[in-house]
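Listed below are the residues making up each chain.
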Amino acid sequence: MSKHAASNDNAPTPKRIKINDGNQTAPLADKHAWAILEQFLTTDMTYTQMEEALSSYLGNQYSVDDWKEF
């Protein structure tokens, strides 16, 4: 199982963030939240473990939709 989106031309998939009213939402600007995502991408951490870590760390600010690629 791959931990990255497939690309038709082997080019890296551009990363995007959700913008609300021109500003990054607080969870997406949180360096520790991004560290959790980096841990998922660079270790054997499972997707479920990553979601649990983000949910635990961000609490009620965690929204799965914020972290989906679009």
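This report concerns the structure included in the present document. Computed from a predicted structure; not experimentally measured. (Residues numbered from 1 in each chain as written. Predicted model: local features only at pLDDT ≥ 70, side-chain atom pairs only at ≥ 80, totals over all residues. Heavy atoms only, no water.)

### A short note on the overall build of the protein
Thought 1: Secondary structure assignment for the protein yields two helices and two strands.
Thought 2: With 70 residues in all, the protein has 20% of them scored as buried.
Thought 3: A separation of at least 24 residues holds for 46% of the contacts in the protein among residues at least 6 apart in sequence.
Thought 4: Looking at the protein as shown, the accessible area adds up to about 5500 Å², and 50% of this sits on carbon and sulfur atoms. (Helix = DSSP H or I, 4+ residues; strand = E, 2+ residues; numbered from the N terminus. Buried < 20%, exposed > 50% of the residue type's maximum accessible area, 1.4 Å probe, protein only. Contact = heavy atoms within 4.5 Å. Areas by Shrake-Rupley, 256 points an atom, 1.4 Å probe, with all protein chains shown as cover.)

### Remarks on the packing of helix H1 (residues 31-42) against helix H2 (residues 47-58)
Thought 1: Interaxial distance between H1 and H2 falls to 10 Å at its minimum, and their mutual angle equals 170 degrees. Compared by their axis directions, H1 and H2 come out roughly antiparallel. In this structure, H1 uses His32, Ala33, Ile36, Leu37 and Phe40 to contact H2, whose residues at the interface are Tyr47, Met50, Ala53, Leu54, Tyr57 and Leu58.
Thought 2: Here the residues of the contact of H1 with H2 are counted per class, giving ten nonpolar, one polar and no charged. (Axes fitted to C-alpha atoms, helices over the stretch in contact; angles between N-to-C directions. Parallel < 35°, antiparallel > 145°, perpendicular 65-115°, else oblique. Nonpolar A, V, L, I, M, F, W, Y, C, P; charged D, E, K, R; others polar.)

### Some details on the nonpolar core
Thought 1: Listed in full, the eleven residues of the largest apolar core are Leu28, Ala33, Ile36, Leu37, Phe40, Met45, Met50, Leu54, Leu58, Tyr62 and Trp67.
Thought 2: Within the residue set of this core, elements represented by two or more residues are H1 and H2.
Thought 3: No other element matches H1, which puts four residues into this core. (Core = buried A, V, L, I, M, F, W, Y, C linked by side-chain atoms within 4.5 Å.)

### Notes on the packing of aromatic side chains
Thought 1: The tally for this structure, following the rule as stated, stands at one aromatic pair.
Thought 2: Centre to centre, the rings of phenylalanine 40 and tyrosine 47 are 6.0 Å apart; their planes meet at 75 degrees, and the pair counts as edge-to-face.
Thought 3: Among the residues examined, phenylalanine 40 registers a relative accessible area of 9% and is labelled buried.
Thought 4: A relative accessible area of 43% means that tyrosine 47 is categorised as partly exposed. (Phe/Tyr/Trp six-rings, centres within 6.5 Å; stacked < 30°, edge-to-face > 60°.)

### Thoughts on the environment of glutamate 51
Thought 1: If you trace the backbone, glutamate 51 turns up in helix H2.
Thought 2: Residue classification places glutamate 51 among the partly exposed positions, given a relative accessible area of 23%.
Thought 3: Distance in space between the C-alpha atoms of glutamate 51 and valine 64 is 8.1 Å, their sequence separation being 13 residues.
Thought 4: Setting aside residues no more than four positions away along its own chain, glutamate 51 makes contact with Tyr62 and Val64.

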